Amino acid sequence: MIVCVCNAIRESDVRKATKNGASCPSSAYACLGRRAKCGQCFPFARQIIAAERATA
Ligand code: FES
């Protein structure tokens, strides 16, 4: 599933970035070489990051 439409970032990309140490949407996107634009995806991205960190 696409999380960030602006950057075409998928849920699996966000999970991978979280495993690599990202703790917020901005750092996760930076980890993927992208930058947040509109910010509409932040609530969803935060949920994925929180869930991933909870199971880490
Ligand atoms: S949808 Fe992610 S920055 Fe716009």
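For the structure itself, look to the data block above.
Remember, it's a predicted structure, so these values are computed and weren't measured experimentally.

Overview of the nonpolar core
Ranked by size, the top nonpolar core spans 12 residues in total: Val-3, Cys-4, Ile-9, Val-14, Ala-17, Ala-22, Ala-28, Tyr-29, Cys-41, Ala-45, Ile-48 and Ile-49. Only strand E1 (2-4), helix H1 (11-19), helix H2 (25-31) and helix H3 (42-55) provide two or more residues apiece to this core. When neighbours within four sequence positions are excluded, Ala-17 is seen to be in contact with Ala-22, Ala-28, Cys-31 and Leu-32.

A closer look at the environment of Val-3
Relative to the elements of secondary structure, Val-3 occurs in strand E1. Each C-alpha atom of the pair Val-3 and Ala-22 lies 15 Å from the other, and the pair is 19 residues apart in sequence.

Some details on H3
Over its 14 residues, H3 extends 20 Å from the first C-alpha to the last, a length consistent with the 20 Å expected when each residue adds 1.5 Å. Lining the buried residues of H3 we find E1, H1 and H2.

Describing the environment of Thr-18
Tracing the backbone through its elements, the reader meets Thr-18 in helix H1. Once you skip the residues sitting within four places of it in the chain, Thr-18 turns out to touch Ala-28, Ile-49, Glu-52 and Arg-53.

With respect to the environment of Gln-40
Here Gln-40 shows up in the loop between H2 and H3. Here the alpha-carbon distance between Gln-40 and Gly-21, two residues 19 residues apart in the chain, equals 22 Å.

What counts, and where the lines are drawn
- Residues numbered from 1 in each chain as written.
- Predicted model: local features only at pLDDT ≥ 70, side-chain atom pairs only at ≥ 80, totals over all residues.
- Core = buried A, V, L, I, M, F, W, Y, C linked by C-beta atoms within 7 Å.
- Buried ≥ 20, exposed ≤ 12 C-beta atoms within 10 Å, placed from the backbone.
- Helix = DSSP H or I, 4+ residues; strand = E, 2+ residues; numbered from the N terminus.
- Contact = placed C-beta atoms within 7 Å.
- Expected span 1.5 Å × (residues − 1).

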